[in-house]
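Here's the letter readout for the chains.
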Amino acid sequence: MTELITPGVSLNDEVLHSKTNNFLAAVYFGSSIGVSFLDVSTGEFLTAQGSAAYVSKLLQNFSPSELLVEKQKRKYFNETFGDAYQEFYLEDWVFQEDFAKDSLCQHFQTKSLKGFGVEGLPNALVASGAILHYLGETQHHKLQHITSIERLLEADFVWMDKFTIRNLELYHTDNHSAVTLIDVIDKTLSPMGGRLLKRWLALPLKSVEAIKGRHDVVGYFYENQAVLLDLQSHLKGMGDLERLISKVATAKVNPREVVQLKNTLEQLLPIKALALASSQTALNNIGKEIVDCEALCSKIKATLNEDAPVNVLKGNTIASSANEALASLRDIAYSGKDYLDQMLARESDATGIPSLKIASNNVFGYYIEVRNTHRDKVPEHWIRKQTLVNAERYITEELKDYEQKILGAEDQILAIEQRLFSELISWMQDHIKPVQKNAHLVAQLDCLSAFAHLARQQQYNCPEMDDSFDLDIEKGRHPVIEKQLPLGETYVANDLFLDRETQQIIMITGPNMSGKSAILRQTALIVLLAQIGSFVPAKKARIGVVDKLFTRVGASDNISMGESTFMVEMNETASILNNISDRSLVLLDEIGRGTSTYDGISIAWAISEYLHQHPSRAKTLFATHYHELNEMTEIFERIKNYNVAVKELKNNVLFLRTLIAGGSQHSFGIHVAKVAGMPNKIVSDAEEMLVQLEN
């Protein structure tokens, strides 16, 4: 059997990362853009359609290892999404709506796709059909573990553009040694939980009810530490249910993995009991939904040896009790010494020869050896095989039969073991769906208990979520920076309040290195953590649900695309201003820095004014060097000035990292240059020049 291995369809453990999905994606350019993601190793199949910006965000979130595109559209694809993906080009006829629908209905064995809620997404279906076609082309025909297709509804999740995802360093950065948010918050113990956490972080919730549902379970684990520890002790030893059952479906599973699957399913029983015993409704419901898979475990237990090898050809895979023929063949093959001893005793008694010996060699096989002194006692029915100096060697019919049996037994044992293992894997196909369901429920429990563990470990608190437009954070901290601080140093927490009536826009001034960017980022991360269901690094937080999160932080060139730092900054800012809503949270850092001072101030002023006058009144934090923007608070009622406090000593500046009301009047850029080790001559010349310019 030939099978093509490509990056997107690998099932090999050496290639896959346990806590990361391995997605194969397809993109189709129709009236809108259709996109689909399939992880062959877990059976997850997701699809969506929408604007180029939405699809770009999804591609960045799910970072597929291989991407299918129409041959004719390769140039258009690279212009729209860049060239960061491993693309494979398919013929254009593959991307047809009828062909896609037929492929999907045939695969799911349904008459229509209404049951999956994807019927009204024609472009998404074309992308999904292209994926199934590609699996056929690469000789992947055993796909019973792909049991459903799920639509990703843009309206259900917080909108974050690709710049925001990159700027906030949620799970990957350009600097591979940098610590990301996922590195800090991932306390999951199972591979399924680790993968689900990434999905939740990519798609934060917008429904207050759904968010509170997660917070309630986290709160229960937080309050009941004994239950939390008990659950975590069971999660620790779990194998990768999703990938193990996928290997069963694709017939790529080995005996040892089947035993591991059984052991993992047995771990579910105490987890189910624990959830059922809980007074927390959502947790109790998860307990009710866990399928105990008793028949599956019993069958595996009855069929396989607990210490089954990785390769069925190594033997000793199937339990002797599973098959009578196998048991008797093993008796023959492995209890030979007893049988031969008994035969020797019988023949010795019958012939009266005391020193008989039974042995075997590669040339003659088995034989009975008689010393020459007893040669005259040898019965007539023994057949002479070989003459030695001091002895003769003979064979009997019984010994000949035994030899045939032993030689045939080993081959037969192997054949029976292979057949029974293959039958077991076929029988297991009917149990794929319940195991996948369990995997998903365990992943949820893992994520929610991990949030509780994180909250206890890092002093996080439960945020209050509502439908208001307010954002009120008391003593908020940056989850990543506080973990990076030197021993003994504590993170300076800050309060922050934004609403649409009195304090819609906060202008934050203060010198370089004082922590303006940290305050911006920590605000975004606190909101994100709250909306994925986690507790937050703050003493208290009241958060009116955010539906769009925009950040424009730091400078980044896109030279390969012919765009300067300033051009990139303007592109990203334009994208924000064209998409804001009344529930948006906008974080702008140093806008206008890439051009002349007066140009920069003018652009920053105009953007702030636009955000203030816009009917959506989006909550905004604007960190800037331009002290001239402090004047805006006198003209616009909902713009307030804050600064990150510093303490000026005689020849030094102390960064206090505290956000206080009022604008800052100094940038202390020359002080920063001095700290960086700039030659003294340059520092003193710069100070003189500053005095002249200020005069």
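Describing empty space enclosed by the protein
All told, the structure shown has one cavity of 30 Å³ or more when counted by the stated rule. The volume enclosed by the largest cavity comes to roughly 40 Å³. Together, I473, N494, D495, L496, I519, Q522, T523 and I526 line the largest cavity. Residue assignment for the lining of the largest cavity shows that the elements contributing at least two residues are β14 (494-498) and α19 (516-532). Looking at which element gives the most residues to the lining of the largest cavity, the answer is α19, with four residues. Among the residues making up the lining of the largest cavity, the classes are represented as four nonpolar, three polar and one charged.

Notes on the sheet that holds β14
Taken together, four strands build an open sheet; the order of strands is β12-β16-β13-β14 and the sheet is mixed. Every other strand in the sheet has two partners, leaving β12 (464-466) and β14 as the edge strands with one partner each. Neighbouring strand axes in the sheet, compared pairwise and without regard to direction, differ in orientation by 15 degrees on average. Pairing analysis gives four bridges linking strand β13 (residues 471-476) to β14, with the strands arranged antiparallel. Counted as the bridge partner of L471 is L498 from β14. The sheet contacts of α19 involve β12, β13, β14 and β16 (540-544), and relative to β13 the element is tilted by about 110 degrees.

As for the sheet that holds strand β8 (residues 357-361)
If you walk across this open sheet you meet the four strands as β8-β9-β11-β10, and the pairing is antiparallel. Of all the strands in the sheet, just β8 and β10 (383-387) have a single pairing partner and so form its edges. For this sheet, the mean inter-axis angle between neighbouring strands, taken without regard to orientation, is 40 degrees. Seen against the sheet, helix α16 (residues 397-428) touches β8, β9 (365-371), β10 and β11 (391-395) and runs at an angle of roughly 150 degrees to β9.

Remarks on the packing of helix α13 (residues 294-303) against α16
In a pair of packed helices, the angle between the axes and the distance between the axes together describe the arrangement. Look at α13 against α16: their axes get within 11 Å of each other, and the N-to-C directions meet at 180 degrees. Here α13 is positioned roughly antiparallel relative to α16, judged by the angle of their axes. Residues A295, L296, K299, I300 and T303 of α13 lie in contact with α16, whose contacting residues are L424, W427 and M428. Along the lines of polarity and charge, the residues of the contact of α13 with α16 split into six nonpolar, one polar and one charged.

Things to note about the environment of F62
Position of F62 among the secondary structure elements: in helix α1 (residues 52-62). For F62, a relative accessible area of 6% corresponds to the buried category. When the C-alpha atoms of F62 and L24 are compared, they prove to be 9.6 Å apart, with 38 residues separating the residues in sequence. Discounting residues that sit within four places of it in the chain, F62 has contacts with F23, F37, L46, L152, R199 and L203.

A few points about the side chain of T188
Along the chain, T188 turns up in the loop between α6 (181-185) and α7 (191-202). Judged by its relative accessible area of 6%, T188 falls in the buried class. Polar contacts involving the side chain of T188 include one to the side chain of K19, which spans 2.8 Å. Residues in contact with T188, not counting those within four places in the same chain, are K19, G193, G194, L197, D446, C447 and A450.

Describing helix α9 (residues 225-236)
In this model α9 runs 16 Å from its N-terminal to its C-terminal C-alpha over twelve residues, within 8% of the 16 Å that 1.5 Å per residue would give. Turning to α9, its buried residues are V227, L228, L231, Q232, H234 and L235. Seen along its axis, α9 keeps its buried residues to an arc of 160 degrees; they face one direction. Away from its buried face, by an angle of more than 90 degrees, α9 presents the exposed residues A226 and K236.

Regarding the nonpolar core
If you look at the biggest cluster of nonpolar residues, it comprises 154 residues, and the most contacted ones within it are L170 and F221. For this core, the leading source of residues is helix α17 (residues 432-458), giving 13 residues.

Observations regarding the side chain of D161
Assignment of secondary structure puts D161 in the loop between β7 (159-160) and α5 (162-167). Salt bridges are absent for the buried D161, whose nearest opposite-charge side chain, R166, sits at 8.2 Å. Among the polar contacts made by the side chain of D161, one reaches the side chain of T164 at a distance of 2.7 Å. The contact partners of D161, leaving out residues within four places of it in the chain, are L549, F550 and S575.

Topic: the pairing of strand β4 (residues 66-70)
A large share of β4 lies buried, amounting to five of its five residues. Neither face of β4 is exposed, since E66, L68 and E70 on one face and L67 and V69 on the opposite face are all buried. Two elements, strand β1 (residues 24-29) and β4, share three bridges in a ladder whose sense is parallel. Considered in β4, the bridge of A26 is made with L68. Relative to strand β5 (residues 87-90), β4 is paired through four bridges, and the arrangement is parallel. Its bridge partner lying in β5, E70 is registered against L90.

Some points on the pattern of salt bridges
One pass over the structure, following the stated rule, counts 27 salt bridges. K262 is the partner of E306 in a salt bridge, and the nearest nitrogen-oxygen pair spans 2.7 Å. Of this pair, E306 sits in the loop between α13 and α14 (324-334) while K262 sits in helix α11 (residues 255-276), and the two are 44 residues apart along the sequence. We classify K262 as buried; its relative accessible area is 2%. R542 is paired through a salt bridge with D466; the nearest N and O atoms lie 3.4 Å apart. Taken together, the positions of R542 in strand β16 and D466 in strand β12 put the pair 76 residues apart, joining distant regions of the chain. Through salt bridges with shared partners, a single network forms among R195, D240 and E242.

A look at unusual backbone geometry
If you check the backbone angles, K475 has positive phi at about 55 degrees while not being a glycine. On the secondary structure map, K475 appears in strand β13. Although it is not a glycine, R617 adopts a positive phi angle of roughly 45 degrees. Note on placement: R617 falls in the loop between α21 (597-613) and β19 (619-623). When its relative accessible area of 30% is taken as the criterion, R617 is described as partly exposed.

Focus on the environment of L340
As for its position among the elements, L340 is in helix α15 (residues 336-351). Taking the C-alpha atoms as reference points, L340 and F108, separated by 232 residues in sequence, lie 59 Å from one another.

Brief notes about the packing of helix α8 (residues 208-223) against α9
At a minimum axis distance of 5 Å, the contact between α8 and α9 shows a crossing angle of 100 degrees. One element, α8, and the other, α9, form an angle in the roughly perpendicular class. Contacts between α8 and α9 involve Y220, F221, Y222 and E223 from the first element and Q225, V227, L228 and L231 from the second.

Analysis parameters
Residues numbered from 1 in each chain as written. Predicted model: local features only at pLDDT ≥ 70, side-chain atom pairs only at ≥ 80, totals over all residues. Heavy atoms only, no water. 1 Å grid on protein atoms, 1.4 Å probe; cavity = no way out; pocket = protein on both sides within 12 Å on 5 of 7 lines; lining within 4 Å. Points joined across faces, edges and corners; volume = space filled by probe spheres on them. Helix = DSSP H or I, 4+ residues; strand = E, 2+ residues; numbered from the N terminus. Nonpolar A, V, L, I, M, F, W, Y, C, P; charged D, E, K, R; others polar. Pairing = 2+ DSSP bridges. Axes fitted to C-alpha atoms, helices over the stretch in contact; angles between N-to-C directions. Contact = heavy atoms within 4.5 Å. Parallel < 35°, antiparallel > 145°, perpendicular 65-115°, else oblique. Buried < 20%, exposed > 50% of the residue type's maximum accessible area, 1.4 Å probe, protein only. Polar contact = N/O pair within 3.5 Å; in protein donor to acceptor, adjacent residues only side chain to side chain. Expected span 1.5 Å × (residues − 1). Arc of directions from axis to C-beta. Core = buried A, V, L, I, M, F, W, Y, C linked by side-chain atoms within 4.5 Å. Lys, Arg positive; Asp, Glu negative; His and termini not counted. Salt bridge = Lys/Arg side-chain N within 4 Å of Asp/Glu carboxyl O.

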